[in-house]
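# Understanding the architecture of this molecule
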Amino acid sequence: GTSFPDGRILALGMSARRNMCIHPEVSQEPDRDSIDEKCRSLTAPWVRQPPAGLQPSTAVQAEEGQGAPRANGSVSSSSNANANANGGSANGPAAASSGSNSNASSSSSGGGGKKAELCEWYENFENLSISEMVEPDVYTIDKLKTRAAKAVKPFCPYFAARRLMQSASVVVLNYQYVLDPKVAQASLLGVGASRGPPAASGVQQGLGSLAASHLVSQVRQATKTKEPSIVVFDEAHNIDNVCIEALSVNLTKETLDRALGNVRKLDEEIKKVKEHDQQRLQNEYNNLLHGLQAAGHIDESTASQMQNPVLPDDIVREAVPGSIRRAEHFLLLLRRVIVYLKGYMRLFEVHSEGPLAFLRDLEEETQVDGKTLKFCYERLKSLLNTLRVTNLYEYHPLNVTTDFCTLVGTYWEGFIIIVDPYPEVTGKYDPLLQLSCLDSSLAMRPVIDRYQSVVLTSGTISPLDLYPRLLGFQPVTTESFAMSLDRNCIRPLVVTKGPDQVQLSSRYELRDDVAVVRNYGDLLVSLAKEIPDGMVCFFTSYSYMEKVVANWYETGIIAKLQQHKLLFLETKDIVATTLALNNFRKACDCGRGAIFLSIARGKVAEGIDFDRHYGRAVVLIGVPFQYTLSRILKARLDFMNEKFGIQESEFLSFDAMRQAAQCIGRVIRSKSDYGIMIFADSRYARADKREKLPPWVRKYLENSNLNLSTDLAVSTTRAFLKEMSQPYQIGKGTRLTADEIKDLEAKHKREKATQGFTAAPSSSSSSQQAVTDRGGAAGASVAGQHGPAAAAGGG
């Protein structure tokens, strides 16, 4: 990042347009897709007028201030620019589904002089330098929006953030911006010449950041150097699943039907362009003759495709096959492939095979080989850009289909293709074609290869030794830090049986046992009598929760629970769940108390905190194993066993216990919090399960609390709550004040001055610094030259 003389840094967060737009009309659009589409219709280069004698060839040129002159008052232009799509196209931050109901054909083309509305905030952004937009500081999304709105010339915070990423010292992004090739926003990180090796310095002025990024990448590849950046994945306990989801595609019959409709509509658009602007298509064809690296100048978010997990470097530098350079030929190929896929899905029994077998049959029937398929995704983006399409959401089905083609044509190992004619329920025919990634290291490898240091950290990333095997790297260092607390404010309990000594378990053969369901209900009722305010109860699946709650309703347990607390449920409807959470918090705030029934692998378990009085207890009913009859899971287990030597039982237990740790961690979010953590299943008493829990949980899991009945668990809970209700002295040794931090910094500077210490590590070494606040959770800052580091922190 850029260095400032006073030692200050520039840090910012990056998000989608819907979270950052300040345009009074665009920001009021009802959904993300509408906001994206409206934004593109106001900021696309072909909508904006270029300066006299200049036809911008890339969107990056427009973003760097080489775009249209501004007019005071009304903002409009007549466009004849032969330019490419502006910011956040099919590969942008909200790109997979954007736009809603207008097509770029409404934009002016040729020299027609048709007036077009522009975004005043974007136009102001074009005329401002980085120093004019912001001063060095830490900018949250809201803070940057406020800064942009109150500036002398209000500017667009979304596009400002995209530009500032090249100069910022710290950038906070969602995982998908780094791992998912369809939203590879991370390609903008480190593009600036300041981050490149000396051979690439200053190249930006002559070529623009887009071309500079390609040159910087080539120099790094030639010198085998990595970008001097540190990438930290926080909450990395599920990073393998994120990697797999980023490279997996599902196609339904409806998706393919709509994709075929997209092909027909694009064919019509090509005919219209031929009538009015034949040169535009010819220019695209000429660019494609030189390969994707020359033709890939679509917009700033798709610029650095050489680091795209979908397309390896050799593909990017390769010329697009002649059979799809012409737009008409490309659409003919897509039509043949889609028709083949529709026939391929027309099955009545489950069928699975690898990509090689699929490609063989595809080539025999359609004469389309894998080499051509792997260019489909990029070729479609180039075509949509050439046709000046802003309503990308309309072409989402075709986008997904070409994504499928590119993946199946690129990767021959680590994937499986499954056709399931009855994916939802037996008897309901709705065939689903799944291209499922089995190897999470495929998405992680480009990140590890590109950046100097990669850090994985989470409070529930346990056991640590399994993650390097799943993600395919050798860690430089692995550290686990204990949670430091002012008092013993958590009490894990393993409840194995009811008062009638019937075993508690969500094991499949016991799920319909009336005694087990009744004992679970009695446990919850007894806890509701003793525990104030809020409680959270996690089930292993929606189906199991529905079955148990229905039984409780029939047997009167629900009525008993409502005598003590209100009940709220998580559903698959995110709007209904959000409303339930708000009412749950209101019930806790007013003193009525409430119980929130949730799912161990649901949205609530991953992202909602039940701190303070909202979560005085968490009850985990059962062990949250994955659905072991899933064909995709079976294929992944076989793949991991064969490639990584990870046994089926080892991975299933590891995955279940990390989900359990996520659930129980919802109630402890600070040092002043306290809560009961109840593992209500006899299998938690086994050592092989307990050992996979995070150290900060095992530390407080006493042997006397490993095999409790319901009545003993309630008695222990009552005693714990009495202990927590007593006043306590906040331990001075568990946290540092602001003055003490300044004293430590001054001491560190004096030591450096006296010792002549240089902080920069050599190219063949790694350095580590562990920093704790003597408070809630210890953290780690790890820099290494040879690979990523995995770290775990409590809390």
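This section reports on the structure supplied with the text. All values reported here derive from a predicted model rather than from experimental measurement. (Residues numbered from 1 in each chain as written. Predicted model: local features only at pLDDT ≥ 70, side-chain atom pairs only at ≥ 80, totals over all residues. Heavy atoms only, no water.)

## Thoughts on the packing of helix α11 (residues 253-276) against helix α15 (residues 327-344)
The following threshold applies: With axes taken as lines fitted to C-alpha atoms, and helix axes fitted only over the stretch in contact, angles between N-to-C directions fall between 0 and 180 degrees. Strands here are runs of E lasting at least two residues and helices are runs of H or I lasting at least four, both read from the DSSP assignment and numbered beginning at the N terminus. Just so you know how the angles are binned, under 35 degrees is roughly parallel, over 145 roughly antiparallel, 65 to 115 roughly perpendicular, and the rest oblique. The crossing is said to be left-handed when, going from far helix to near helix, the turn is anticlockwise and less than a right angle, and right-handed when the turn is clockwise. The contact criterion used throughout is that any non-hydrogen atoms of two residues lie within 4.5 Å.
Where α11 meets α15, the axes come as close as 10 Å, and the angle between the chain directions of the two elements is 165°. One way to sum up the angle between α11 and α15 is to call them roughly antiparallel. You can see that α11 and α15 cross each other, and the crossing is left-handed. Residue-level contacts link L256, D257, A259, L260, V263, R264, L266, D267, I270 and K274 of α11 to A327, E328, L331, L334, R335, I338, L341 and K342 of α15.

## Description of the sheet that holds strand β7 (residues 249-252)
Strand pairs in the sheet, formed through backbone hydrogen bonds, run parallel or antiparallel to each other. Going by this rule: Here, strands pair whenever DSSP counts at least two bridges between them.
Spatial strand order, β7-β10-β9-β8: 4 strands in an open sheet with antiparallel pairing. If you trace the sheet from one side to the other, it starts and ends with β7 and β8 (351-353), each paired once. In this sheet, adjacent strand axes meet at a mean angle of 15° when their direction is disregarded. Across 3 bridges, the pairing between β8 and strand β9 (residues 415-420) is antiparallel. Its bridge partner being in β9, S352 is matched across the sheet by I418.

## Section: the pairing of strand β16 (residues 594-599)
Our working rule: To sort residues, take the accessible area from a 1.4 Å probe on protein chains only and compare it with the maximum for the residue type: under 20% means buried, over 50% means exposed, and anything in between is partly exposed.
Counting buried residues along β16, 6 of its 6 residues qualify, which places the element largely inside the surrounding structure. Along β16, one buried face is formed by A594, F596 and S598 and the opposite face, lined by I595, L597 and I599, is buried too. The pairing of strand β14 (residues 534-539) with β16 spans 6 bridges and is parallel. Among the inter-strand pairings, M535 is bridged to a residue of β16, identified as I595.

## Quick look at helix α18 (residues 376-386)
With respect to burial, α18 is a largely interior element, 11 of its 11 residues being buried. Residues C376, Y377, E378, R379, L380, K381, S382, L383, L384, N385 and T386 constitute the buried set of α18. R388 occupies a position one or two residues after α18 and carries a positive phi of about 60°.

## Describing unusual backbone geometry
A cis amide bond links S462 to the next residue, P463, at an omega of 0°. Considering the arrangement of structural elements, one finds P463 in the loop between β11 (451-458) and α21 (466-471). The phi torsion at Q367 lies on the positive side, around 60°, for a residue other than glycine. The residue Q367 is located in the loop between α16 (355-366) and α17 (370-373) in this model. Exposure remark for Q367: the relative accessible area of 59% places this residue in the exposed category. Located in the positive-phi region is D533, a residue other than glycine, with phi close to 60°. By the element assignment, D533 lies in the loop between α22 (514-530) and β14. Exposure remark for D533: the relative accessible area of 23% places this residue in the partly exposed category.

## Considering the packing of aromatic side chains
Our working rule: Aromatic pairs are defined between Phe, Tyr and Trp rings, using the six-membered ring for Trp, whenever the two ring centres lie within 6.5 Å; interplanar angles under 30 degrees are classed as stacked, those over 60 as edge-to-face, and all others as tilted.
In the structure shown here, the tally under the stated rule is 22 aromatic pairs. Pairing F348 with Y429 gives two aromatic rings, centres 4.9 Å apart and planes at 20°, and the pair type is stacked. On the criterion of sequence distance, the pair formed by F348 in the loop between α15 and β8 and Y429 in the loop between β9 and β10 (432-437) is long-range, its members being 81 residues apart. Pairing Y467 with F654 gives two aromatic rings, centres 5.4 Å apart and planes at 80°, and the pair type is edge-to-face. Of this pair, Y467 sits in helix α21 while F654 sits in helix α28 (residues 648-664), and the two are 187 residues apart along the sequence.

## As for the sheet that holds strand β4 (residues 138-139)
The strand order across the open sheet formed by 3 strands is β4-β1-β5, and the pairing between neighbours is parallel. In this open sheet, the two strands that pair with only one neighbour each are β4 and β5 (170-172). In the sheet, strand β1 (residues 11-13) pairs with β4 via 2 bridges, with the strands oriented parallel. Directly across from L12, in β4, lies its bridge partner Y139.

## Looking at the packing of α16 against helix α19 (residues 396-410)
Under the convention used in this document: Note that Gly is not counted as nonpolar here; it falls among the polar residues with everything else outside the nonpolar set of Ala, Val, Leu, Ile, Met, Phe, Trp, Tyr, Cys and Pro and the charged set of Asp, Glu, Lys and Arg.
Two elements in contact, α16 and α19, have axes whose closest approach is 9 Å; the angle formed by their N-to-C orientations is 110°. In this view, α16 runs roughly perpendicular relative to α19, as classed from their interaxial angle. The two elements α16 and α19 meet at a crossing, and its hand is left-handed. Contact residues: P355, F358 and L359 in α16; F404, V408 and G409 in α19. Taken together, the residues of the contact of α16 with α19 sort by class into 5 nonpolar, 1 polar and no charged.

## Observations concerning the nonpolar core
Considering soluble globular proteins, one finds that nonpolar side chains tend to be buried as a cluster. This is how it is decided: Nine residue types can take part in a nonpolar core, namely buried Ala, Val, Leu, Ile, Met, Phe, Trp, Tyr and Cys, and a core is a set of them joined through side-chain atoms within 4.5 Å.
One finds F233, I239 and F358 to be the most contacted residues of the largest nonpolar core, which totals 88 residues. Counting residues per element, this core draws most heavily on α15, at 10 residues. Beyond its immediate sequence surroundings of up to four residues, I239 is in contact with Y175, L179, F233, M444, L456, Y467 and L471. Among the nonpolar cores identified, the runner-up in size contains 80 residues, and Y544, M545, A580 and L581 belong to it.

Purely spatial values, then, with no claim about function.
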